[in-house]
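The lines below spell out each chain.
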Amino acid sequence: MTSTTITAKKTNHWIPDLGVKGWGVTATCIGFYFFYNFWNNGSNTLFSLFTEMYGWQTTQMSMVVTVSGWASLVGILLFGIIGHRIGARNVSIIGLIGNMVAFAVLAMMNSFTMFFIGVLLFFVTMTAYAVIGLGKLGSSWFPHKKGMFMGMATMGMTLNGACINAVVVACAGSSIGISGFFWGCAVLCALLAVVTFLFVKDNPEEAGAWPDNDRSISREQLERDFAAAEEYKKHSPWTVSKVLKTPQTWLIGLGWGIAMLAASGTMALLAPTLVSYGHELTFAILLMGTMWPFGMLGHYIIGVLDQKFGTKNTTFVVVAMMIIAGALVFFFGSNNIVCAVAVALLMFSISGNANVCMSMTTTVFGRQDFEMAWTPIQIIYNICNFAGVTVMAMVGAIFGQPSVMMALVVICVVSLIPIGLCSSKQIGSQIK
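Residues numbered from 1 in each chain as written. Predicted model: local features only at pLDDT ≥ 70, side-chain atom pairs only at ≥ 80, totals over all residues. Heavy atoms only, no water.

**Q** Could you give me a rundown of the domain arrangement of the chain, with the residues and numbers involved?
**A** Each domain of the chain was delimited in the assignment, giving domain 1 (20-212) and domain 2 (238-421). Of note, the centres of domain 1 and domain 2, computed from C-alpha atoms alone, are 19 Å apart. Facing 49 residues of domain 1, the contacting portion of domain 2 comprises 40 residues. Roughly 3700 Å² of surface becomes buried between domain 1 and domain 2 when both sides are summed, with 66% attributable to carbon and sulfur atoms. Area buried by domain 1 at its contact with domain 2 is led by Asn 44, Lys 146 and Thr 158, which between them contribute 15% of it. (Domains from an automatic or database assignment. Contact = heavy atoms within 4.5 Å. Buried area = accessible area lost by both parts, 1.4 Å probe.)

Structure (structure tokens):
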């Protein structure tokens, strides 16, 4: 083996070879994830502006986000069924159109009722593309490179977090206004729906590409394998009942979901939490706006670690970093440098945490049986995830805002129990 070949193999650990069409799907999914955490990121400034504009209380608005998050569980179930029938691309387009309408409602809102309707519609329809569509696309296009795919796709969350608060403030202080901001979001959703329609296929085989861009097998063999896999799906022993009776389903949903509960709740309340330690709001927003490169790095590095060392081992690293970050702020939160280091760690680890649930589900259930397991797991996962804002807000209200960071530590430790108990052995189909 030549040194050039060795170098190429090493490089491929860090630069995934997804193929032109694979990169197109990945770029589209980055767009999906850009909107996924819209309210967890945007609430830091939008809630404050709505309080000034309408007199609404943060607790009221947080409750709307939480209720809407729980209502989105119905969306996961509904779009999971629809997606099974019409495919990942079409169900994603439906979700993007739903989000476009939701943003239009928010752009025209003049009451708390319209705010509630807009947020509720956003959360329910968002699940069509950011949960069902993205999961199906990732498991189908990248069954073995799912860690690297998720490492790239979830960068959209951090891109949103890096710019949304600054954009909101800029729009609010100009003639564009908050209404114009929401109209702009509606236009972006419409454009993303068009891109999805024109350039995305449900499976790489349908697009003339290879799963994982693995061209080591011939096109003829690939088509035979694909036909066998599609036939297997029609008679797969994995039903919803069997999935729900399988321990790994609950361990994945709860373990990774509890970790995300801590992550999502902490990020949504990060600005007021840092203010409670004596910092100015501008300092908190500055940290969130400048530490996003660590978040981008976290998505990527965690994706690499996932590929090299496995999803479960990588998850331990992610959760450990969140624990360290929470402890640093809790004990030394009044120190500017410590806060900067902790927020960088949070951005890195929370970004990586977004990668691993889909990757673990693919690891355990395989490409063909992923779809049957994904919807139940995501319902369990998001019961935890969408409770994050309310749980952390209640902790702050009862024990004081600084206690949010200790809650992050405790909840992360609890999440390690089901994560540690979950086996990485594949129990779904073995078809390529």
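More follows now that the structure is in view.
**Q** Outline unusual backbone geometry, listing residues and values.
**A** Phi is positive for Asp 212, close to 65°, though the residue is something other than glycine. Its place among the elements puts Asp 212 in the loop between α9 (177-199) and α10 (219-234). For Asn 213, which is not glycine, the phi dihedral falls at a positive 55°. Among the structural elements, Asn 213 can be located in the loop between α9 and α10. Relative accessible area serves as the criterion here: at 13%, Asn 213 is assigned to the buried category. (Helix = DSSP H or I, 4+ residues; strand = E, 2+ residues; numbered from the N terminus. Buried < 20%, exposed > 50% of the residue type's maximum accessible area, 1.4 Å probe, protein only.)

**Q** Any chance you could break down the side chain of Asn 165 for me, citing the residues and the numbers?
**A** In this fold, Asn 165 is placed in helix α8 (residues 155-172). On the basis of relative accessible area, Asn 165 is assigned to the buried category, the value being 5%.

**Q** Before we move on, could you go through the pattern of salt bridges and cite the residues and values that matter?
**A** Applying the stated rule across the entire model yields four salt bridges. Between Lys 136 and Glu 371 there is a salt bridge, with its nearest N and O atoms 2.9 Å apart. Here Lys 136, found in helix α6 (residues 112-141), pairs with Glu 371, found in helix α17 (residues 336-385); they are 235 residues apart in sequence, far enough to count as distant. Since its relative accessible area comes to 18%, Glu 371 is described here as buried. One salt bridge connects Lys 234 with Glu 231, and the closest N-O pair in it is separated by 3.6 Å. Taken together, the positions of Lys 234 and Glu 231, both in helix α10 and three residues apart, correspond to about one turn of that helix. Given a relative accessible area of 63%, Lys 234 falls into the exposed group. (Salt bridge = Lys/Arg side-chain N within 4 Å of Asp/Glu carboxyl O.)

**Q** Give me the lowdown on a nonpolar patch on the surface, citing residues and values where you can.
**A** On the surface, Val 194, Val 195, Phe 197, Leu 198 and Phe 199 cluster together into a nonpolar patch covering about 510 Å² of accessible area. Relative to the helices and strands, Leu 198 is located in helix α9. (Patch = residues over 30% accessible without salt bridge, like charges linked within 9 Å, V, L, I, M, F, W, Y side chains within 5 Å. Areas by Shrake-Rupley, 256 points an atom, 1.4 Å probe, with all protein chains shown as cover.)

**Q** Tell me about the packing of helix α5 (residues 88-107) against α9, residues and numbers included.
**A** The interhelical angle for the contact between α5 and α9, taken along N-to-C directions, is 165°, at an axis separation of 8 Å. When the interaxial angle is binned, α5 and α9 end up roughly antiparallel. As for how α5 packs across α9, the hand of that crossing is left-handed. Judged by residue contacts, Arg 89, Ser 92, Ile 93, Leu 96, Asn 99, Met 100, Phe 103, Ala 104, Leu 106 and Ala 107 of α5 engage Ser 179, Phe 182, Trp 183, Cys 185, Ala 186, Cys 189, Ala 190, Leu 192, Ala 193, Thr 196 and Phe 197 from α9. Here the contact of α5 with α9 is built from residues that sort into 16 nonpolar, four polar and one charged. (Axes fitted to C-alpha atoms, helices over the stretch in contact; angles between N-to-C directions. Parallel < 35°, antiparallel > 145°, perpendicular 65-115°, else oblique. Left-handed = near helix turned anticlockwise from the far one by under 90°. Nonpolar A, V, L, I, M, F, W, Y, C, P; charged D, E, K, R; others polar.)

**Q** Would you mind going over the side chain of Glu 205 in detail, with residue names and values included?
**A** As for its placement among the helices and strands, Glu 205 is situated in the loop between α9 and α10. The exposure class assigned to Glu 205 is buried, which follows from its relative accessible area of 11%. Ignoring sequence-local partners within four residues, the contact set of Glu 205 consists of Pro 211, Arg 219, Leu 222, Phe 226 and Arg 367.

**Q** Could you give an account of the packing of helix α2 (residues 20-36) against α8, with specific residues and numbers?
**A** Running from N to C, α2 and α8 cross one another at 50°; their axes reach a closest spacing of 6 Å. Comparing the axis directions of α2 and α8 gives the class oblique. Taken as a pair, α2 and α8 cross one another with a handedness that is right-handed. Here Ile 30, Tyr 33, Phe 34 and Tyr 36 of α2 come into contact with α8, specifically with Gly 156, Met 157, Leu 159, Asn 160 and Cys 163. Considered class by class, the residues forming the contact of α2 with α8 number seven nonpolar, two polar and no charged.

**Q** Break down α17 for me, citing the residues and quoting the values.
**A** End to end, α17 covers just 29 Å across 50 residues, shorter than the expected 74 Å (1.5 Å per residue, more than 12% under). Along α17, the sharpest change in direction is near 120° and occurs at Asp 369. For α17, the buried fraction is high: 43 of the 50 residues fall into the buried class. Where α17 begins, one side-chain oxygen reaches toward the backbone nitrogen of Ile 337, 2.9 Å away; that side chain belongs to Asn 335. (Expected span 1.5 Å × (residues − 1). Bend = angle between axes of the 7 residues up to and from the residue. Polar contact = N/O pair within 3.5 Å; in protein donor to acceptor, adjacent residues only side chain to side chain.)

**Q** Would you mind going over the nonpolar core in detail, with residue names and values included?
**A** Phe 38, Trp 39, Phe 50, Phe 103, Phe 115 and Phe 182 are the most contacted members of the largest nonpolar core, which has 126 residues in total. No other element matches α17, which puts 22 residues into this core. Ignoring any residue separated from it by four or fewer positions in sequence, one finds Phe 38 in contact with Leu 46, Phe 103, Phe 122, Asn 160, Ile 164, Phe 181, Phe 182 and Cys 185. Of all hydrophobic cores here, the second largest spans six residues; its members include Met 152, Met 296, Tyr 300 and Val 304. (Core = buried A, V, L, I, M, F, W, Y, C linked by side-chain atoms within 4.5 Å.)

**Q** Tell me what's going on with the packing of aromatic side chains, and back it up with residues and numbers.
**A** Taken as a whole, this structure holds 28 aromatic pairs when the rule is applied. Seen in terms of ring centroids, Phe 35 and Phe 103 are 5.8 Å apart; in terms of plane orientation they differ by 50°. Their pairing is tilted. In this pair, Phe 35 is assigned in helix α2 and Phe 103 in helix α5, connecting sequence segments 68 residues apart. Neither Phe 35 nor Phe 103 differs from the other in exposure class; each is buried. Note on Phe 370 and Trp 374: the rings are 5.0 Å apart at their centroids and 25° apart in plane angle, and the pair reads as stacked. Linking Phe 370 with Trp 374, this pair stays in helix α17, spanning four residues, or about one helical turn. Accessibility assignment for this pair places Phe 370 and Trp 374 in one class, buried. Its guanidinium or amino end placed over the ring of Trp 210, Arg 219 lies 4.3 Å from that ring's centre, counting from NZ or CZ. The ring of Trp 238 has Lys 242 lying over it, and the distance from NZ or CZ to the ring centre is 4.3 Å. (Phe/Tyr/Trp six-rings, centres within 6.5 Å; stacked < 30°, edge-to-face > 60°. Lys NZ or Arg CZ within 6 Å of the ring centre and 35° of its normal.)

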